[in-house]
Amino acid sequence: MHPASSVIIFNTFSGLGFGLLFWLGLGALVPTGLSAFIWFAIAYLFAVGGLIASTFHLGHPERAIKAFSQWKTSWLSREGVCAVFALVVMAIYGAGLVFTNTRLGLIGWIGGLASLGVVFTTSMIYTQMKTVPRWRHWTTPAMYLILALGGGALLGGQVKIASVLFIIAGILQMYAWGTGDTRLAASGTSMATATGLGHIGQVRAFEPPHTGTNYLMREFIHVVGRKHADQLRIIVIGLAFILPIILLLLPHHHVFAALAVLSHIAGVLTLRWLFFAQAEHVVGLYYGKR
């Protein structure tokens with residue numbers, strides 16, 4: 001798949017924002033007054049900013065509102081509905097902390113769980129795609145959720161929780177890569193099934209279907225060399241998980257904490273780029289690109 005920058009930004013920062021809202025809602029940190037306003041402003045900046053970034057990948061961003069009407073069948077629509085619900089509920093919860101120094105516990109729990117629900121619905125947009133075997137696996141929603149929880153904990157200063165979640169995330173991500181590399185071949189999809197000519201005999205590409213590129217080739221076919229992919233995976237593990245843990249273990253200092261956040265964000269941005277760049281859409285078989 002073509003790794004569009006707007007979608008990479010959306011998947012990275014919205015997860016961080018909603019992850020922080022989850023921990024705020026559950027009461028892992030209970031700021032009040034101006035402090036609460038700052039914490040919620042950071043969470044909303046990431047969450048809403050990520051959602052806005054995603055609209056730039058739409059052919060007609062002005063029609064985004066129509067997506068809300070398809071919630072019965074579309075995970076994209078469910079994501080939008082869940083996001084609006086979570087943001088409204090958490091705004092009510094945050095207002096109590098900012099203006100009255102009051103923690104509305106039940107509302108916080110509802111808003112926190114709804115925030116995690118937004119991350120899950122986002123992950124299911126990709127998990128439900130039969131045309132991308134690498135994504136169609138339980139590790140896709142698992143990684144989305146654990147990255148949101150770990151990143152949110154990191155932003156919220158929950159050092160021990162973030163460290164444990166990053167260790168789990170690093171191990172799970174390596175497992176996802178290892179199994180994902182064989183998933184297209186294991187799916188049984190081939191040039192024969194892609195062209196529908198398998199009943200005739202062995203199928204191979206004689207000439208490309210087109211003399212030039214088209215929309216499908218631009219959006220759904222992106223090939224990353226194995227050597228480059230391996231190097232980027234090492235960078236992801238180092239920046240997103242190992243370096244933040246090391247920085248968090250150093251004597252408490254705001255500079256180290258800020259560096260840990262920046263390192264994690266850089267690592268997750270790289271991870272998301274790989275997530276799309278290595279997604280072997282089966283349409284690539286038709287064009288002889290797999």
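For the structure, check the block above.
Throughout this document, residue positions are counted from 1 along each chain, in the order its sequence is written. Per-residue local features are limited, in this predicted model, to residues with pLDDT of at least 70; the limit for side-chain atom pairs, both in listing and counting, is 80 or more; totals at the level of whole chains, interfaces and linings are taken over all residues. Calculation of side-chain values draws on the structure's entire complement of heavy atoms; hydrogens and water are dropped beforehand.

1. Observations regarding the packing of aromatic side chains
Each aromatic ring pair is summarised here by two numbers: the centre-to-centre distance and the angle between the ring planes.
Item 1. For this analysis, a ring pair means two rings from Phe, Tyr or Trp (six-membered ring only for Trp) whose centres lie within 6.5 Å, classed as stacked if their planes differ by under 30 degrees, edge-to-face if by over 60, and tilted for the remaining angles. Evaluated as defined, the whole model comprises 14 aromatic pairs.
Item 2. Aromatic side chains Phe166 and Phe241 sit 6.0 Å apart centroid to centroid with 55° between the ring planes, which places their arrangement in the tilted category. One end of the pair, Phe166, is in helix H6 (residues 159-180); the other, Phe241, is in helix H10 (residues 226-249), and 75 residues separate them in sequence. You'll find Phe166 and Phe241 in the same group, each marked buried.
Item 3. Geometrically, a lysine NZ or arginine CZ counts as sitting over a ring once it is within 6 Å of the ring centre and also within 35 degrees of the ring normal. Its guanidinium or amino end placed over the ring of Trp75, Arg78 lies 4.6 Å from that ring's centre, counting from NZ or CZ. Secondary structure elements follow DSSP: runs of H or I of four or more residues count as helices, runs of E of two or more count as strands, with numbering from the N terminus. Relative accessibility under 20% of the residue-type maximum defines a buried residue, over 50% an exposed one, and the middle range a partly exposed one, all with a 1.4 Å probe and only protein chains included.

2. Details of the pattern of salt bridges
Item 1. Here a salt bridge means any side-chain nitrogen of Lys or Arg lying within 4 Å of a carboxyl oxygen belonging to Asp or Glu. Applying the stated criterion across every chain yields a total of two salt bridges.
Item 2. For Arg134, the salt bridge identified is with Asp181, shortest N-O distance 2.9 Å. Taken together, the positions of Arg134 in the loop between helix H4 (105-127) and helix H5 (139-155) and Asp181 in the loop between H6 and helix H7 (183-186) put the pair 47 residues apart, joining distant regions of the chain.
Item 3. Between Asp181 and Arg233 there is a salt bridge whose closest N-O contact spans 2.9 Å. Of this pair, Asp181 sits in the loop between H6 and H7 while Arg233 sits in helix H10; the two residues are 52 residues apart in sequence, bridging distant segments of the chain.
Item 4. Among the charged side chains, a salt-bridge network with shared partners connects Arg134, Asp181 and Arg233.

3. A word on the nonpolar core
Item 1. Core analysis: the largest hydrophobic core is formed by 65 residues, its most contacted members being Phe18, Leu21, Leu24, Tyr126, Trp135 and Phe241.
Item 2. Contributing elements (two or more residues each) for this core: helix H1 (5-26), helix H2 (33-55), helix H3 (75-99), H4, H5, H6, H10 and helix H11 (254-277).
Item 3. Counting residues per element, this core draws most heavily on H1, at 10 residues.
Item 4. We call two residues in contact whenever any of their non-hydrogen atoms come within 4.5 Å of each other. Sequence-distant contacts of Phe241, defined by excluding residues within four places in its chain, comprise Leu147, Phe166, Ala169, Gly170, Val236 and Leu271. Side-chain atoms within 4.5 Å are what join buried Ala, Val, Leu, Ile, Met, Phe, Trp, Tyr and Cys residues into a set we call a nonpolar core.

4. A word on the side chain of Thr121
Item 1. Tracing the backbone shows Thr121 in helix H4.
Item 2. Residues contacting Thr121, with those up to four places away along its chain left out, are Trp75, Arg78 and Glu79.

5. What to know about a nonpolar patch on the surface
Item 1. In this analysis, a patch consists of residues with relative accessible area above 30% that form no salt bridge, clustered at 9 Å for like charges and at 5 Å for the nonpolar side chains Val, Leu, Ile, Met, Phe, Trp and Tyr. For accessible areas, the Shrake-Rupley method is used with a probe of radius 1.4 Å. Any residue's cover is judged against the shown protein chains and nothing else. On the surface, a cluster of nonpolar side chains totalling about 710 Å² of accessible area is made up of Ile65, Phe68, Trp71, Val81, Val84, Val88, Ile92 and Leu104.
Item 2. Locating Phe68 in the fold gives a position in the loop between H2 and H3.

6. Quick word on H2
Item 1. Relative to the 33 Å expected for 23 residues at 1.5 Å per residue, H2 spans 33 Å between its end C-alpha atoms, a close match to the ideal helical length.
Item 2. Among the residues of H2, those classed as buried are Gly33, Ala36, Phe40, Ala43, Phe46, Ala47, Gly50, Leu51, Ala53 and Ser54.
Item 3. Residues of H2 that are buried sit in contact with H1, H3 and H5. Multiply 1.5 Å by the residue count of a helix minus one, and that product is the helix's expected span.

7. A short note on the environment of Asn101
Item 1. Mapped onto the secondary structure, Asn101 falls in the loop between H3 and H4.
Item 2. The class of Asn101 is exposed, set by a relative accessible area of 51%.
Item 3. Residues Asn101 and Pro31 lie 70 residues apart in sequence; the distance between their C-alpha atoms is 8.4 Å.
Item 4. Not counting residues within four places of it along the chain, the set of residues in contact with Asn101 comprises Thr32, Gly33 and Gly96.
Item 5. At 3.5 Å, the side chain of Asn101 forms a polar contact with the backbone nitrogen of Gly33. Under this definition, polar contacts are N or O atom pairs within 3.5 Å; protein pairs additionally need one hydrogen-donor-capable and one acceptor-capable atom, and for neighbouring residues in sequence, both atoms have to be side-chain atoms.

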